[in-house]
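# Observations on the three-dimensional arrangement
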Amino acid sequence: MNHYKEQDMYIRKTTPDDLQQVLSIYAYAREQMRLSGNASQWGDDKPSAELIRDDILNENSYVIIAADTEEIAGVFTFIIGNDPAYAYIENGSWLNDEVYGTIHRIASSGKQNGVFRRCLAFCEAKAPNVRIDTHECNRVMQHLLESCGYKKCGRIYVEDGSPRIAYQKQIQPASSYNPRN
């Protein structure tokens, strides 16, 4: 099994057996968002169990495992290729139109520090550009992204039509990108 390891955590593909623990992590994340003034981004039921199952079946879902306890410390979805929600951007523009990967649905169990940075390191090693979006009320995520070198590019709209702040980081020129890495 391929694992991306870094110090005290490693990343692997999410399996169907992980579903209940992943759902618990998303419930915890929704509560943390509410407590920080961001009650509307995921509401009471997002991401749905059906969407998470689809992410797992499509092999786009990953879990971050705490090496010492072997517990799931975080979860995220990463997809390389065009994201339909990113086709139109307003009040700005993308840094480039080259190949990119998109991070969606990142969440932490709250039991391990460094989950966000482990996710970024994994994704940045897989794609020459990484894009991600967040709700305007998610000040915590905005701060994390900007502190990790992500540039605010404009506004996009997700599937339900609600706006999100779009970010991108150029990791390497596409000419040096090898998708087999």
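First things first, this report covers the structure right here in the doc. (Residues numbered from 1 in each chain as written. Predicted model: local features only at pLDDT ≥ 70, side-chain atom pairs only at ≥ 80, totals over all residues. Heavy atoms only, no water.)

Take the environment of Asp45 next. Mapped onto the elements of the fold, Asp45 is located in the loop between helix H1 (19-35) and helix H2 (49-57). Put simply, Asp45 and Gly74 are 29 residues apart on the chain and 18 Å apart in space, counted from C-alpha to C-alpha. (Helix = DSSP H or I, 4+ residues; strand = E, 2+ residues; numbered from the N terminus.)

Now for the layout of surface pockets. When its volume is computed, the largest pocket comes out at roughly 1200 Å³. Counting only elements with at least two residues in the lining of the largest pocket, the list comes to H1, strand S5 (101-108), helix H3 (115-124), strand S6 (129-134) and helix H4 (139-147). Sorting elements by how many residues they give to the lining of the largest pocket places S5 first, with seven residues. Partitioning the lining of the largest pocket into residue classes produces 19 nonpolar, 12 polar and eight charged. (1 Å grid on protein atoms, 1.4 Å probe; cavity = no way out; pocket = protein on both sides within 12 Å on 5 of 7 lines; lining within 4 Å. Points joined across faces, edges and corners; volume = space filled by probe spheres on them. Nonpolar A, V, L, I, M, F, W, Y, C, P; charged D, E, K, R; others polar.)

What follows concerns the pairing of strand S7 (residues 151-157). Across six bridges, S7 lies against strand S8 (residues 163-170) in antiparallel orientation. Its bridge partner lying in S8, Lys151 is registered against Gln168. (Pairing = 2+ DSSP bridges.)

Our focus in this paragraph is the side chain of Asp83. Note that Asp83 resides in the loop between strand S4 (72-80) and S5. Notably, Asp83 is buried but unbridged: the nearest opposite-charge side chain belongs to Arg105, and the N-O separation is 7.6 Å. Dropping the residues within four chain positions of it, Asp83 is found in contact with Tyr100, Thr102 and His104. (Buried < 20%, exposed > 50% of the residue type's maximum accessible area, 1.4 Å probe, protein only. Lys, Arg positive; Asp, Glu negative; His and termini not counted. Salt bridge = Lys/Arg side-chain N within 4 Å of Asp/Glu carboxyl O. Contact = heavy atoms within 4.5 Å.)

The next subject is H3. With eight of 10 residues buried, H3 lies mostly within the body of the structure. If you check which residues of H3 are buried, you get Val115, Phe116, Arg118, Cys119, Leu120, Phe122, Cys123 and Glu124.

Note on placement: Ala67 falls in the loop between strand S3 (61-66) and S4. A relative accessible area of 34% means that Ala67 is categorised as partly exposed. Separated by 59 residues in sequence, Ala67 and Asp8 have C-alpha atoms that sit 5.3 Å apart. Apart from the residues within four sequence positions on either side, Ala67 is in contact with Asp8, Met9 and Tyr10.

Attention now goes to the pattern of salt bridges. Across all of its chains, the model carries nine salt bridges by this definition. Of the charged contacts in the structure, one is a salt bridge between Glu90 and Arg155, with a shortest N-O distance of 2.8 Å. Of this pair, Glu90 sits in the loop between S4 and S5 while Arg155 sits in strand S7, and the two are 65 residues apart along the sequence. Judged by relative accessible area, Arg155 falls into the partly exposed class, the value being 32%.

The subject of this paragraph is the side chain of Thr102. Mapped onto the elements of the fold, Thr102 is located in strand S5. Taking the relative accessible area as the measure of exposure, Thr102 reaches 1% and is therefore buried. The residues contacting Thr102, other than those within four sequence positions of it, are Thr77, Phe78, Ile79, Gly81, Asp83, Tyr86 and Arg131.

Inspection of the secondary structure assignment puts Cys119 in helix H3. Sequence spacing of Cys119 and Lys46 is 73 residues, and the spatial spacing of their C-alpha atoms is 20 Å. Once residues within four sequence positions are removed from consideration, Cys119 is found in contact with Ile11, Ile64, Phe76, Ile103 and Ile106.

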